[in-house]
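Listed below, chain by chain, are the residues.
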Amino acid sequence: MIHFNPETQTFNLILQRSYYAMQVDAAGRLIHLGWGARPRHANPDDRISGQTSHRHYETKASFETQRLPLEIVPFGDVVTFQETLKVNFPSLPRDTAVGESLHLPIRDLRLRYARHDIADDAQPGLSPTHGLPVKNNSPRQTLRIHLQDPVQPFAVILCYRLTPEHDIIERWCELENNGLEPVQIEVCHFATLHLPAGTNELTAVTGSWAQEFMARRQRLHQGSFVLESRTLQTGHHANPIFMLNRPEQAGEESGSVYFGQLAYSGSWRLVFEQLPQGDVRVHGGYNPFDFELKLAPGERHITPALVQGFSDSGWGGASRQMHAFARERVLPHSPAGPRFRPVLYNSWEATYFDLNYENQVALARRAAALGVELFCVDDGWFGERRSDRAGLGDWVVSEALFPQGLEQLVQEVHRLGMKFGLWVEPEMVNPDSDLYRQHPDWVLHFPGRERTEARHQLILDYGRTEVVEHIFTVLDNLVERYAISFFKWDMNRNVTEPGSVAGKAIWYKHVAGVYSVMDRLRQKHPGLDIQSCSGGGGRVDLGMLGRADQVWVSDNTDAFDRLHIQEGFSLAYPARCMEAWVTHEHNHITRRAIPLSTRFAVAMRGVLGIGSSLHELAEAELAEYATYLRFYKQIRPIIQEGDLYRLQRLEEFGGSAIEYMLPDGREAVYSLVVEKYQVDSFHPVIPLKGLMPAAMYTVSDHHGLELYRLSGYELMTLGIPKETQWYPGFCQTWHIKAAI
Ligand code: GLA
């Protein structure tokens, strides 16, 4: 609910369990009043009146004025601390410029309240345009507060879209140049968040290729701490998600936690700033590195969203809110499509670049026999792509590999009852390709400089509309011709020479181009699903989840490493989009040998996929795979749509125990995987959550064997009866179901 008190000029945003309040002060500035828990038992009309909160500060130069918690901090009103927005005006408007023409351009923006309205259909920038519904399409209210510069013809509309059931507010800005000359925006965060003083324990994820999403908890100190991406995509080194709480005041299931995420897949930045008095601010948006946004006269720019939320039930509660938000409000949800994400087979680790019709058909037959539902042919099916040195960009089926055309394989995959998917990397080109030979100017580069290759490839210039158009046409034709249900959309290098016909705007235009191709494809082919992959987990964010059904989290499929990667991923993203494969016994990256049971236990925590060389497996092992797949299909509604509880985190003992639970408490999945264990050492009691105390539950394993029959009360106090023997790799994946 959005409420405005005209007397005190106070805004109250009331969500299910949290509030957000701000007020226009005597000078017309929009001041943040507070954000946090609503007192328990508060009535819907209990509000902050704003009677006592008018503050008055004399001079702009005073430290008090400089650290006023302005809802948006313009460089101009504030210079001493980090700004939300910095704008360069080329001159003073003619009627005000009386004898004042020096010191141009003017790097000074002041924003004063003009008016506000409430909209039912407002959308942040780069929202999906594919038209596919999400699970919950009910309208949401957006408060739009219009702020105007008193001198310059420049306006900013601050937008707050409320999702009260998840205590989430999406924030974005609409920037309007109402003048006669272009303006240049130098710094543009989508929003600034103000947190209570001392909220300085930060949980975030950092990492690199093959070890994405490493969760870190650290204390902020006075000054700024920056997380960012300077690549064209979301990046491997950090992901735009965070949680903040007062140190020692939050735990996995308790305490106040503030959280946020950026819905943007390009170069982003999050600045965590602690002021001298302990106030904490978070600024999130476009990375100002090599940034420039020009607004022509009359032009307006709508930024993507910074999503913010508040949880009163610890980090676990914050994660569940973000998961529910992504599942219900972000991920595409076609009513015509399957209700749950299908079990996928991907041929990459089985055949790499040695693929051909025969080996793919053989894999497909084996996969279908196991119960796989979607068969995806990975890299190497096109052009001269027999290695990573050539062919990228030539999206034409190789006749040498598929003499009868790809149709023959597609038909067989369909006959076997599976959907057909294909790997593509539509932003790239090998110099050794027909595309590059025809259009050497279609790549990002700076004239006169070397075009640095990575994995022997260059990046297409999505600043050129003809490139974006070409890619759309090529992919559209593939979908039409081969009845493709699934693209694994990859992106395998970082940018080194970001030279584009679009100039510095390429950072934004690349993202907008990728989104537009995905949106148009989905619009035209509602049955097409997309998986986002970028050398593993390099492009995972809420912007991408608006058009990708699932994401590849890491190229590292080692089950033990994956436990850590998946735990970090789970801080913000739901299992429904977390693709996880069972691969070979000896992992292709770490070379570690891990038992099949452990590999399945870890992969079944998300959207199960298989990437093993099925042709090398004995019948007995294939039968084990089939048993797991049957079991997974039984429990996937709980995994893909249930609430996640991290019962024991990896940092607490040498393993991880999680539970997925359907909200009605009737069914749950318990998953324990031990990574390190010293004989006879600490062996935690792991009580379950969310069950009905009085109900009796059966606890069954993947064979469907009933192991225990226990009350909800017992499962939520003593937990699952303990095994005496633990060892690295020990695992339990159990289906817990209320006995009727
Ligand atoms: C990337 C992906 C892999 C695979 C290869 C193919 O590394 O992350 O899963 O698709 O490309 O070249």
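Residues numbered from 1 in each chain as written. Predicted model: local features only at pLDDT ≥ 70, side-chain atom pairs only at ≥ 80, totals over all residues. Heavy atoms only, no water.

Remarks on the site of the ligand
Of all residues adjacent to the ligand, which total 13 residues, the nearest are D378, D379, R455, K488 and D555. Taking N492, its side chain carries an N or O atom lying 3.1 Å from an oxygen atom of the ligand. For the ligand, an oxygen atom lies 2.5 Å from a polar atom in the side chain of D555. Of the residues contributing to the shell around the ligand, the split by class is 4 nonpolar, 3 polar and 6 charged. (Near = heavy atom within 4 Å. Polar contact = N/O pair within 3.5 Å; in protein donor to acceptor, adjacent residues only side chain to side chain. Nonpolar A, V, L, I, M, F, W, Y, C, P; charged D, E, K, R; others polar.)

With respect to the pattern of salt bridges
Taken as a whole and assessed by the stated rule, the structure comprises 50 salt bridges. With its nearest N and O atoms 3.6 Å apart, the salt bridge here joins E641 to R576. In this pair, E641 is assigned in helix 12 (residues 619-641) and R576 in the loop between helix 10 (559-569) and strand 29 (578-582), connecting sequence segments 65 residues apart. A single burial state applies to E641 and to R576, both of which are buried. Residues participating in the shared-partner salt-bridge network are D117, R144, E174, E176 and R300. (Salt bridge = Lys/Arg side-chain N within 4 Å of Asp/Glu carboxyl O. Helix = DSSP H or I, 4+ residues; strand = E, 2+ residues; numbered from the N terminus. Buried < 20%, exposed > 50% of the residue type's maximum accessible area, 1.4 Å probe, protein only.)

Here we look at the sheet that holds strand 4 (residues 30-37)
One open sheet holds the 4 strands; their spatial order is 1-2-3-4, and the pairing between them is antiparallel. For this open sheet the edge positions go to strand 1 (2-5) and strand 4, each flanked by a neighbour on one side alone. Taken pair by pair, the neighbouring strands of this sheet meet at an average axis angle of 15°, ignoring direction. (Pairing = 2+ DSSP bridges. Axes fitted to C-alpha atoms, helices over the stretch in contact; angles between N-to-C directions.)

Things to note about the packing of aromatic side chains
Tallying each qualifying case throughout the model produces 36 aromatic pairs. Geometrically, the ring pair formed by Y670 and W734 is tilted, given 6.4 Å between the ring centres and 40° between the ring planes. In this pair, Y670 sits in strand 33 (residues 667-674) while W734 sits in strand 36 (residues 731-738), placing the two residues 64 residues apart along the sequence. Look at Y727 and F730: their rings are 5.5 Å apart centre to centre, the planes differ by 90°, and that puts the pair in the edge-to-face class. Residue Y727 is classed as partly exposed on the basis of its relative accessible area of 44%. (Phe/Tyr/Trp six-rings, centres within 6.5 Å; stacked < 30°, edge-to-face > 60°.)

Observations concerning the sheet that holds strand 21 (residues 344-346)
Around the barrel, 8 strands lie side by side as 21-22-23-26-27-28-29-30; this closed barrel has parallel pairing. This sheet shows a mean twist of 30° between the axes of neighbouring strands, independent of strand direction. Looking at chain direction, strand 28 (residues 550-552) and strand 29 are connected through 2 bridges and run parallel. When the bridges of strand 29 are listed, V551 appears paired with M578.

Topic: the environment of E616
Turning to its location among the elements, E616 is positioned in the loop between strand 30 (607-610) and helix 12. On the basis of relative accessible area, E616 is assigned to the exposed category, the value being 59%. Separated by 454 residues in the primary sequence, E616 and L162 have C-alpha atoms spaced 53 Å apart.

Observations regarding the side chain of E83
Mapped onto the fold, E83 is located in the loop between helix 1 (63-66) and strand 5 (85-88). The side chain of E83 is buried and forms no salt bridge, while K86, the nearest opposite charge, is found at 5.3 Å. (Lys, Arg positive; Asp, Glu negative; His and termini not counted.)

Topic: the packing of helix 7 (residues 465-482) against helix 8 (residues 506-524)
Taken N-terminus to C-terminus, the directions of helix 7 and helix 8 make an angle of 30°; their axes are 10 Å apart at the nearest point. Taken together, helix 7 and helix 8 sit at an angle that is classed as roughly parallel. Crossing geometry of helix 7 relative to helix 8 is assigned as right-handed. Along its contact with helix 7, which presents V468, E469, I471, F472, L475, D476 and E480, the element helix 8 presents G513, S516, V517, R520, L521 and K524. By residue class, the composition of the contact of helix 7 with helix 8 is 6 nonpolar, 2 polar and 5 charged. (Parallel < 35°, antiparallel > 145°, perpendicular 65-115°, else oblique. Left-handed = near helix turned anticlockwise from the far one by under 90°. Contact = heavy atoms within 4.5 Å.)

Considerations on the domain arrangement of the protein chain
For the protein chain, the assigned domains read domain 1 (2-330) and domain 2 (647-738). With centres defined by C-alpha atoms, the gap from domain 1 to domain 2 works out at 40 Å. (Domains from an automatic or database assignment.)

Focus on the pairing of strand 26 (residues 486-489)
Here strand 26 shows no split at all, with F486 and K488 on one side and F487 and W489 on the other all buried. Where strand 23 (residues 419-424) meets strand 26, 4 bridges bridge the pair, whose relative direction is parallel. Counterpart to W423 in the pairing with strand 26 is K488. Bridge analysis of strand 26 against strand 27 (residues 529-532) gives 4 bridges, and the strand direction is parallel.

Some thoughts on the packing of helix 11 (residues 596-603) against helix 12
Here helix 11 crosses helix 12 at 25°, and the two axes come no closer than 11 Å. By the angle class used here, helix 11 and helix 12 are roughly parallel. The handedness of the crossing between helix 11 and helix 12 is right-handed. For the pair helix 11 and helix 12, contact is made by L596, S597, R599 and F600 and by E621, E624, Y625, Y628 and L629, respectively. Of the residues that constitute the contact of helix 11 with helix 12, the class distribution is 5 nonpolar, 1 polar and 3 charged.

Details of the nonpolar core
Ranked by internal contacts, the top residues of the largest apolar core, which has 152 residues, are Y160 and W381. By residue number, the principal contributor to this core is helix 12, which donates 10 residues. Taken together, domain 1 (2-330) and domain 2 (647-738) each give at least three residues to this core, which thus spans both. Once you skip the residues sitting within four places of it in the chain, W381 turns out to touch L355, R386, W395, V396, V397, S398, L401, F402, L422, W423, V424 and L478. Counting residues in each nonpolar core, the second largest holds 30 residues, with I241, V307, A318 and L331 among its members. (Core = buried A, V, L, I, M, F, W, Y, C linked by side-chain atoms within 4.5 Å.)

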